[in-house]
Amino acid sequence: MQEAELAAQEGEVPIGACVVYEGKVIARAHNRRESDKSPSAHAEFLAMQEASLVLDRWRLCGCTVYVTLEPCLMCAGLMINSRVDRCVFASYDPKGGALGTLYSFHEDERLNHEFQVDGGVMEDECSAMLKAFFARRREERKQAKQAGTFQKPQATELTELERARNQINTIDAKMFTLFHQRLDAAEQVARYKIAHNLDVLDSSREEDKLTWAKSQGPQERENLNCQFMQDLMDLSKQHQHNIIDSNQTNDGKHTNDNSNR
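This is a predicted model, so every value here is computed, not measured.

## A few points about the pattern of salt bridges
When the charged atoms of two side chains with opposite charge come close together, those side chains can pair. Tallied over the full model, the rule gives four salt bridges. D108 is paired through a salt bridge with R110; the nearest N and O atoms lie 2.8 Å apart. Look at D108 and you get buried, because its relative accessible area is 16%. Assessed through its relative accessible area of 76%, R110 is described here as exposed.

Below, the structure written as structure tokens:
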């Protein structure tokens, strides 16, 4: 709903979405069709694209997509192709809903994937947000027609400050996800050291890295930041591999059928 509010502030239809993996939000987005001038810039579509980048794979197995409006044919199709586990939406869409209203893509046995759907969660709140937005737009259109200044509605032009804030919010969301992935990886390192009777804390190493970073010039620091981001992603990938390897060792076999898909 916070993402939907951001969309409304930008003059977009207020629809927001996020993707959750292993209990954590790994991606979030809001409707940006007018701003991006793209027919595919639906909230859940953008969120699923971001989730694939975070997980570094096109399969979104194990993921749940939350969205404030029932997905359309396009977004429901992407959920099938990306193999999501579940979709939770708020408001039903009588004009385009593809997960139970006009179509039921999620349970069509002719397709190569089915997933769980839960609709109507917080429906009243999200429906009220949509109704208020369109009521406001109709009133603005009426007043513009009376004044002779009516033009086809478009996304509100963002000020430089608003555009910068939106960029910061996007970066912060990614950094928040990467930070938690780094904490998870650090926990794995700590557990390994404890199990093998090694020194758990190594503060001098961190201090040496900070001193070295401060000694670098502007360009070197920029390159260092890029490398730091890459390191975070590498840690995340390794952590995922560790989990998969651990599950396979415990079960003695593959616990999912991703390879078959």
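After that view of the structure, there is still more to cover.
## Describing the sheet that holds strand β5 (residues 116-118)
Strands sit in the order β2-β1-β3-β4-β5 across an open sheet of five strands; the sheet is mixed. Edge strands, defined here as strands with exactly one partner in the open sheet, are β2 (24-30) and β5. Taken pair by pair, the neighbouring strands of this sheet meet at an average axis angle of 15 degrees, ignoring direction. Strand direction decides the pairing type here: strand β1 (residues 16-21) and β2, joined by six bridges, are antiparallel. If you follow C18 over to β2, its bridge partner there is R28. This element, helix α1 (residues 2-9), spans β1, β2 and β3 (63-69) of the sheet and lies at about 20 degrees to β2.

## Quick look at a nonpolar patch on the surface
Taken together, the side chains of I171, M175, F228 and M229 define a hydrophobic patch exposed on the protein surface, amounting to about 330 Å² of accessible area. Elements with a contribution of two residues or more to the nonpolar patch: α6 (160-195) and α8 (218-251).

## What about the nonpolar core?
The biggest cluster of nonpolar side chains holds 31 residues, and the ones touching the most others in it are V19, I26, M79, L99 and F115. Breaking this core down by element, the ones donating at least two residues are β1, β2, α3 (43-55), β3, α4 (73-82), β4 (86-91) and α5 (123-147). Ranked by residue count, the leading element in this core is α3, at six residues. If we ignore the near neighbours within four places in the chain, the residues touching V19 are K24, V25, I26, A27, A47, M48, A51, C63, T64 and V65.

Criteria and cut-off values
- Residues numbered from 1 in each chain as written.
- Predicted model: local features only at pLDDT ≥ 70, side-chain atom pairs only at ≥ 80, totals over all residues.
- Heavy atoms only, no water.
- Salt bridge = Lys/Arg side-chain N within 4 Å of Asp/Glu carboxyl O.
- Buried < 20%, exposed > 50% of the residue type's maximum accessible area, 1.4 Å probe, protein only.
- Pairing = 2+ DSSP bridges.
- Helix = DSSP H or I, 4+ residues; strand = E, 2+ residues; numbered from the N terminus.
- Axes fitted to C-alpha atoms, helices over the stretch in contact; angles between N-to-C directions.
- Contact = heavy atoms within 4.5 Å.
- Patch = residues over 30% accessible without salt bridge, like charges linked within 9 Å, V, L, I, M, F, W, Y side chains within 5 Å.
- Areas by Shrake-Rupley, 256 points an atom, 1.4 Å probe, with all protein chains shown as cover.
- Core = buried A, V, L, I, M, F, W, Y, C linked by side-chain atoms within 4.5 Å.

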